[in-house]
Amino acid sequence: MTDTLTSLRDARQREDLHAMSIEARRLNEAAPDLKGGWGEVAQIALDAGDTLAAVAAAGRLMEALPDSPDARLWMVAALSEAEDFAGAIQTLQPLYDADPRDGALSRRLGFLLLDGGAAETAEQAFRQALAADGRDALAWEGLSRAKTFASGDDDLALMEEARLGYDETVPAEQRGILSYAIAKAYEDLGELDIAARRAAEGAAFYRASAPFDTAYHEAGVGHILSVFDETLKGAGQGVGADDDRPVFIIAPPGAGARWVARTLAAGEGAFALPRGNGLFWMSGAALGDHSLEAMKAALTTPGEDNAVSIVGRNYLSYAGEWAGEAVRIIDPATLNELTAGTIGMALPKARFIRIRRDPRDLAWSVFKHRYRKARHWTYHASDIAKILALHDRLCARWETLFGDRMTTVSYENLASDPATVIGELARFAGTDPAAAAARASETAGPLLSDPPGQAERIGPRFETLEAALQREGLV
């Protein structure tokens, strides 16, 4: 097995995401007898950002170990990354049916149901998990997200009781999770001062164990800006892949990117990729040295060996596997603000939608939320302000470089008139305006649950965030 996996492991050691994908796919195609080693293939494919290769590897694992619960759980994890929640639930169901009192399985089923939009059924699953262990912080978090709290709610009293019952033997992460869950409950009740207190408590539990290197991130953004300077305006025409299907959404967390992507793709002929996809990040490995000189050299290399064109073709190949015959591919990936420069060169007909949000509301939305996929900068006011400021610097450069290929919409306008604003965005993106507007009217719940104007109602506990935003010039 070691020899069989050597090339895949070497690619991982080099941190060459595209090579990791290629090697994982090669193994999937060759189907050697790896037995439990298919789990490693699935993990490396996930690390690369190649979710479909991970699903295929998990399938090989289930074939090799048909009676293994772990093999089935690998498939659940891979399908969840693909946002195929129905498939993940179907895969998990036999394990759950065999032991419905297993709290961990009940909790996992609950999150799949919740992510798939079945909040009421998810609530039942989380209650089963809590029946097995009333101190299960993740189950409380799921239940808190699945319901809306009302005055005198017994669940809030039970969460507070569990919080007070946690002692120093309980890991800080678990204590933080419960604090965030309680914050959401108080927010439902309109008690924003207490909600802010609990959110700050949750963040404090995380900060010590999950520091974020803002200086490193700032240096990385500075490098990107040095590479994609204004002399590259209009670059990529006649060099990159000639395809107008991709539309990239650039937005920080808390700005509705996933909702916008799914809504724009409501009509026939459009497909929305998952928010967590890493397809372009993975495809960009072919560029190698990302310096201004290397970029200009790549842009002047003739023929199909041009690295910029190769990156574009790689991305289109990966995205096409997801989107099939779709004539528009909506990509809301979380890394788009970092990769937009390369995207613009490699796909010179691609369009961009930027979502902006009032920085005070945005900072509060980020701070109050515990992200299940770690965003360690969200636990400290100074880090939040710094990252949001860097995001704005990047977007300003992309607006300069891409001109009318890029449009900007405000979260506030989306929330106040979702159907009209989404219809306008659909016309820009080249998707069906009527279908998008209808979907917007039907599914505006995520915007209504995180409305504009929240920061004004928090009170004195917002002062730390306010000061951080002022230091970065955001307010």
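Quick summary incoming for the structure in this document. Throughout this description, residue numbers start from 1 for each chain and increase along the sequence as written. Predicted model: local features are reported for residues with pLDDT of at least 70 only, side-chain atom pairs are reported and counted for 80 or more only, and whole-chain, interface and lining totals are derived from all residues. In computing side-chain values, all of the structure's heavy atoms are included and hydrogens and water are not.

**Overview of the overall build of the chain**
Helices and strands together make up the secondary structure of the chain, namely 25 helices and 5 strands. C-alpha atoms define the radius of gyration in this analysis, and the globule rule sets the expected value at 2.2 Å times the number of residues to the power 0.38. Whereas a compact globule of 475 residues would reach a radius of gyration of roughly 23 Å, the chain reaches 23 Å, a difference of no more than 12%. On the principal axes, the C-alpha backbone points of the chain span a range of 70 × 60 × 45 Å. Think of it in three bands: residues with accessible area under 20% of the maximum for their type are buried, residues over 50% are exposed, and the middle band is partly exposed, with areas taken using a 1.4 Å probe on protein chains only. Classification of the 475 residues of the chain by burial places 52% in the buried group. A fraction of 71% describes how many contacts in the chain between residues 6 or more apart in sequence connect residues 24 or more apart. Summed over its atoms, the accessible surface of the chain is roughly 20,400 Å², and 49% of this surface lies on carbon and sulfur atoms. Runs of H or I in DSSP of at least four residues are treated as helices and runs of E of at least two as strands, each being numbered from the N terminus. Whether two residues are in contact is decided by their heavy atoms: any pair within 4.5 Å suffices. Only the protein chains shown count as cover for residues, and the accessible areas themselves come from Shrake-Rupley with a 1.4 Å probe.

**Regarding the nonpolar core**
Working definition of a nonpolar core: buried Ala, Val, Leu, Ile, Met, Phe, Trp, Tyr and Cys residues. They are joined through side-chain atoms within 4.5 Å. Residues Tyr 315 and Trp 398 are the most contacted members of the largest nonpolar core, which totals 136 residues. Top contributing element to this core by residue count: helix α20 (residues 381-402), with 12 residues. Not counting the four nearest positions on each side in its chain, Trp 398 is found in contact with Ile 224, Phe 228, Ile 250, Glu 337, Ala 340, Gly 341, Gly 403 and Met 406. Formed by 28 residues, the second largest nonpolar core is a distinct cluster that contains Val 247, Leu 264, Ile 422 and Ala 426.

**What to know about the environment of Val 41**
Within the secondary structure layout, Val 41 lies in helix α3 (residues 38-48). Expressed as a C-alpha distance, the spacing of Val 41 and Gln 93, which sit 52 residues apart in the sequence, is 24 Å. Sequence-distant contacts of Val 41, defined by excluding residues within four places in its chain, comprise Leu 5, Leu 8, Ala 24, Leu 27, Leu 34 and Ala 57.

**Points about the pairing of strand β4 (residues 351-356)**
Of all the 6 residues making up β4, 5 are buried; the element is thus mostly covered by neighbouring parts of the structure. With 5 bridges connecting them, β4 and strand β5 (residues 406-410) associate as parallel partners. By the bridge assignment for β5, Ile 353 is matched with Thr 407. When DSSP finds at least two bridges between two strands, those strands are taken to pair.

**Side note on the pattern of salt bridges**
Criterion for a salt bridge: a side-chain nitrogen of Lys or Arg within 4 Å of a carboxyl oxygen of Asp or Glu. If you walk through the whole model with that rule in mind, you get 35 salt bridges. One salt bridge connects Arg 163 with Glu 201, and the closest N-O pair in it is separated by 3.2 Å. In this pair, Arg 163 is assigned in helix α10 (residues 154-165) and Glu 201 in helix α12 (residues 192-207), connecting sequence segments 38 residues apart. In this structure, Arg 198 and Glu 201 form a salt bridge, with 3.8 Å as the shortest nitrogen-oxygen distance. With Arg 198 and Glu 201 both in helix α12 and 3 residues apart, the pair spans about one turn of that helix.

**Things to note about the sheet that holds β5**
If you trace the 5 strands from one edge of the open sheet to the other, you get β2-β3-β1-β4-β5, paired in parallel fashion. One side of each edge strand has no neighbouring strand; the edge strands of this open sheet are β2 (270-272) and β5. Each strand of the sheet is rotated relative to its neighbour by a mean of 20°, with strand direction disregarded. Sheet analysis places strand β1 (residues 246-250) next to β4, joined by 4 bridges and oriented parallel. The residue of β4 that forms the bridge with Ile 249 is Ile 353. A fitted line through C-alpha atoms represents every axis, and for helices the fit uses only the stretch in contact; the resulting angles, taken between N-to-C directions, go from 0 to 180 degrees.

**Concerning the packing of helix α7 (residues 103-115) against helix α8 (residues 119-132)**
At their nearest, the axes of α7 and α8 sit 8 Å apart, and the two run at 165° to each other. By the criterion of interaxial angle, the relationship of α7 to α8 is roughly antiparallel. The crossing of α7 and α8 is left-handed. Between α7 and α8, the residues in contact are Gly 103, Ser 106, Arg 107, Leu 109, Gly 110, Phe 111, Leu 113 and Leu 114 and Ala 119, Thr 121, Ala 122, Ala 125, Phe 126, Gln 128, Ala 129 and Ala 132, respectively. Lys, Arg, Asp and Glu make up the charged group, whereas Ala, Val, Leu, Ile, Met, Phe, Trp, Tyr, Cys and Pro make up the nonpolar group; the residues left over, Gly among them, are polar. For the contact of α7 with α8, the per-class residue count stands at 10 nonpolar, 5 polar and 1 charged. For classification purposes, an angle smaller than 35 degrees is called roughly parallel, one larger than 145 roughly antiparallel, one from 65 to 115 roughly perpendicular, and anything else oblique. In this scheme the handedness of a crossing depends on how the near helix is turned from the far one: anticlockwise by less than a right angle means left-handed, clockwise means right-handed.

**Some points on the pairing of strand β3 (residues 328-331)**
Of the two faces of β3, the one carrying Arg 328 and Ile 330 and the one carrying Ile 329 and Asp 331 are both buried. Bridging between β1 and β3 involves 3 bridges; their strand directions are parallel. Bridge pairing in β3 places Pro 246 opposite Ile 329. When β2 meets β3, the two strands line up parallel, connected through 3 bridges. By the bridge assignment for β3, Ala 270 is matched with Arg 328.

**Notes on the packing of aromatic side chains**
Two rings belonging to Phe, Tyr or Trp (six-membered ring only in the last case) form a pair when the distance between their centres is within 6.5 Å. Interplanar angles under 30 degrees mark stacking, angles over 60 mark edge-to-face geometry, and anything in between is tilted. Taken as a whole and assessed by the stated rule, the structure comprises 11 aromatic pairs. Ring geometry for Phe 228 against Trp 398: centres 5.8 Å apart, planes inclined by 75°, an arrangement best described as edge-to-face. With Phe 228 in the loop between α13 (214-227) and β1 and Trp 398 in helix α20, the pair connects residues that are 170 residues apart, well separated along the chain. Across the pair, Trp 398 and Phe 228 agree in class, each one buried. Through successive ring pairs, a cluster of aromatic residues spans Phe 228, Phe 248, Phe 280, Tyr 315, Phe 352, Trp 398 and Phe 402. Criterion for a charge above a ring: Lys NZ or Arg CZ within 6 Å of the ring centre, and within 35 degrees of the ring normal. Just above the ring of Phe 149 sits the side chain of Lys 147; from NZ or CZ to the centre is 4.6 Å. Above the face of the Tyr 411 ring, Arg 357 is positioned so that its terminal group lies 4.0 Å from the ring centre.

**Here's the deal with the environment of Ala 183**
Along the chain, Ala 183 falls in helix α11 (residues 172-188). Separated by 223 residues in sequence, Ala 183 and Met 406 place their C-alpha atoms 37 Å apart. Residues contacting Ala 183, with those up to four places away along its chain left out, are Ala 195, Arg 198 and Ala 199.

**Points about helix α17 (residues 307-323)**
Relative to the 24 Å expected for 17 residues at 1.5 Å per residue, α17 spans 24 Å between its end C-alpha atoms, a close match to the ideal helical length. Those residues of α17 lying buried are Ala 307, Val 308, Ser 309, Val 311, Gly 312, Asn 314, Tyr 315, Leu 316, Tyr 318, Ala 319, Trp 322 and Ala 323. Polar contact is defined as a pair of N or O atoms within 3.5 Å, subject to the rule that within protein one atom must be able to donate a hydrogen and the other to accept it, and that residues adjacent in sequence are counted only when both atoms are side-chain atoms. Sitting at the amino-terminal end of α17 is Asn 306, which places a side-chain oxygen 2.9 Å from the backbone nitrogen of Val 308. Backbone geometry just after α17 places Gly 324 at a positive phi near 60°. Here a helix's expected span is defined as the number of its residues, less one, multiplied by 1.5 Å.

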